[in-house]
Structure formats: C-alpha cells, structure tokens
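# Report on the structure
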Amino acid sequence: MASALGAQVSVAAPIGPGSYARGSSVKGNNTVNFCNKSWIGTTLAWESKTLKSRHMNKIFSMSVQQAGKSKVAVKPLELDSVKEPPLNIYKPKEPYTATIVSVERLVGPKAPGETCHIVIDHGGNVPYWEGQSYGVIPPGENPKKPGSPNTVRLYSIASTRYGDSFDGRTASLCVRRAVYYDPETGKEDPSKKGICSNFLCDSKPGDKVQITGPAGKIMLLPEDDPNATHIMIATGTGVAPFRGYLRRMFMEDVPTFKFGGLAWLFLGVANTDSLLYDEEFTNYLKQNPDNFRYDKALSREQKNKNGGKMYVQDKIEEYSDEIFKLLDGGAHIYFCGLKGMMPGIQDTLKRVAEQRGESWDQKLSQLKKNKQWHVEVY
C-alpha cells in the first residue's frame, strides 16, 4: 500500500500438503527449502548469492519498459505449484534480514510529498502471493518501549510473486514518506516523521532490512475463473497490490494462469505528477484494450459533476450502472488505500443503490457472502 498499517500480524501458518511453513519443504519433483536459502529441483539449481550489481538500478526501469512488450518468462514455476498461500514464515521476534536492491522516486516535482518504489532482495526465502503484505521492522529502539525494537509496519507488496526481476528473489514496496508539518509554523518537524517510511525511502542499495510475513488473505487474487472481472479502487499507495495483479495478468507468462477477463482500475491521487506506475498501466491499456480499463481521479486537477474536486467515489458514481451490473454478474471489487476513502465510497454506493431501487445493505451483505468484496485500508 505503501501501506504502513503499523500493526503486528499473528496468523498461524498452514501446515500440510501444498503449504508453506518456515523450515518445511514442498514435496514432489522439486523441493523448496526456506532455511538453507536454496531451491533444489530436477532442473533447477538456485544460487544463494545476491543479485548481480549490474541489475541493481535497472530492475524497475526494465519492468516499466517490459509492460509494453510481449509477456515475460518467469521462474521458478514451482511458486505457482503451491496450493495454499504462504503465511507468516518469518515473525517479529525472528525476522528475515533482506537486502535493499534499489530505491526509485515514483512521483514528479509537483506531487505533494514523496513516494518511492523499493525493491528488496529476499533471496527466494520469503515467498508471497499477490495481494499480501510484508512487515518491516525499522532499525532502532521503540520510543514507547526503551530497549525494545521498533514495532512492525505492514506494507502491501507491489509486485507479483516473481518480483520485478521475474526470478522469485525480490519483492517491491510502494512507500510514501511520512512527514509532519507543524500547523502553527508550517514547518516540518523531523521529530515526528514516520520512522519506517523514512528509513525505507532513505535506504541505499546493499542496506539490510528486517522483514516479516508474508501476511494477509483478504486481498488475494481469486484465480479459479481466469475470465472473471476485477474492479480495483485505489487511493495513492493503495495501488500497490493492484500493480501486482496487473503484472500477473498482463506482463508475465504464467503457464497456469492465462487471464481473459476484465481488469478495471480506478486510481485516485492529487495530480498528474502524483500518478503511480502510470506508464505501466497505460501500456497495458494499449496492449489489452479489451481486457483492461484505467480511470484516474485527480483531485487537484479535475472537477466532478458538481464542480467540486474529483475523487474516486465520483468516478465510481460516473460509471455506477456498469459497476453494479458487473457486480451482479459476479465481479470482484477491491479497495485499498487510506481508510478515509471508504465513507465517501460507501455513501456513493448506497445512494446509487437507492436510485436503482435496491437496498445497499442487502447488496453489500450478499457481496461479502459471495466473497466478491475485498477491503484493505490503513
């Protein structure tokens, strides 16, 4: 999300056939071992060294360029053979020490604030699925508990399980630097800045970072129907999981997942300079016009029908007839971003439902029952 949810997660990791657990192996033709940092298979020999230096600053730019080309081969395909999502392989008391590969500023000079794309090398030892989150433990002491480490901050992962280098060794985060401005003086107060977001945005290639997880199941991409419709609504860094979905759908050549449905992304940011991954998304639109739609709500540049600022809920209202018909047909709808986005969206959906002679409460209950409704806000 760069969603610093700022909470610790405690979910039991599933143990059993086709499941992940720290130190366990996935049996079959190939063996996956997370403790010795190696993959051993009939055709796969995995090196334990870090990414070569020539890749350090090219991964992100390469992935953007690739969005407009033919699909990319990914490895190891064993990442798609596991039937259950990995959960909490590494916990806060025993985090995994990963390495920063690159830190790239995502936004232009006129964007309010700074947002960075951060690629982390986990060596293939902390696998995840699209829609999950990593916990990050920033260095230093917890200011509220002297002598104790800082608490875990959760960030939605902004890449597929194969990472931006398509080799299963990296994960990417979309992080907005949290700063605080004194309301009286208007000046930045460094003592109140976000500890974790600033640590990540200030990181350099080669720096170490402690991670936990992966965590979360609510935002997992349902893949039982490759022709399903997925409506994604994001504000700011909430676009992170959707970038992972879209790369899986349109960029990667995954033999077991051939997307033929509709993906519809609504992204709300302040202005054009604040758009995140816009080049990737625009390329998908050019390459897959029948399978992808992309609508932007730029609050400081666009006006809604009433002359006010354009927010994502205004875009939802604009396309409400289509959205409701798609939901009636089984579409999944996802929301990710600041929790302040939801009241306005819920009010809009309720108003539209009433105009259609429907009860929004009943409709929402049915969507949740059908597992079509996915929300992760922070």
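Residues numbered from 1 in each chain as written. Predicted model: local features only at pLDDT ≥ 70, side-chain atom pairs only at ≥ 80, totals over all residues. Heavy atoms only, no water.

Strands sit in the order β16-β15-β13-β17-β18 across an open sheet of five strands; the sheet is parallel. Two strands bound the open sheet, and with one partner strand each, they are β16 (292-298) and β18 (373-377). Averaged over all pairs of adjacent strands, the angle between their axes in this sheet comes to 10°, without regard to strand direction. The strands touched by helix α4 (residues 278-287) are β15 (262-269) and β16; relative to β16, the strand with the most contacts, the crossing angle is about 140°. (Pairing = 2+ DSSP bridges. Helix = DSSP H or I, 4+ residues; strand = E, 2+ residues; numbered from the N terminus. Axes fitted to C-alpha atoms, helices over the stretch in contact; angles between N-to-C directions. Contact = heavy atoms within 4.5 Å.)

As a further point, take the environment of P139. Mapped onto the secondary structure, P139 falls in the loop between β7 (133-137) and β8 (141-142). P139 sits in the exposed class, given a relative accessible area of 52%. C-alpha of P139 to C-alpha of T151: the two residues are 12 residues apart in sequence and 9.8 Å apart in space. Not counting residues up to four positions away in its chain, the partners in contact with P139 are N150 and F199. (Buried < 20%, exposed > 50% of the residue type's maximum accessible area, 1.4 Å probe, protein only.)

All right, on to the packing of helix α3 (residues 240-251) against α4 then. For the pair α3 and α4, interaxial distance at closest approach is 11 Å and the crossing angle is 35°. Classified by chirality, the crossing of α4 by α3 is left-handed. Together, R243, L246, R247, F250 and M251 of α3 and E280, F281 and Y284 of α4 make up the contact between the two elements. In terms of residue class, the contact of α3 with α4 is built from five nonpolar, no polar and three charged. (Left-handed = near helix turned anticlockwise from the far one by under 90°. Nonpolar A, V, L, I, M, F, W, Y, C, P; charged D, E, K, R; others polar.)

Bringing the confidence of the model for the protein into the picture now. Of the residues in the protein, 82% reach a pLDDT of 70 or more, and the chain-wide mean stands at 85. Segment residues 1-61 is flagged for pLDDT under 50; beyond a separation of four residues in sequence, or across chains, it makes 145 contacts in the model. (pLDDT = per-residue confidence, 0-100.)

So, about the environment of Y90. You can see Y90 is positioned in the loop between β4 (72-73) and β5 (96-105). Residue classification places Y90 among the buried positions, given a relative accessible area of 6%.

Take unusual backbone geometry next. Cis geometry is adopted by the peptide bond preceding P76, which originates at K75 and carries an omega value of -10°. You can see P76 is positioned in the loop between β4 and β5. Residues G213 and P214 are joined by a peptide bond in cis, for which omega reads 5°. Within the fold, P214 resides in strand β12 (residues 208-215).

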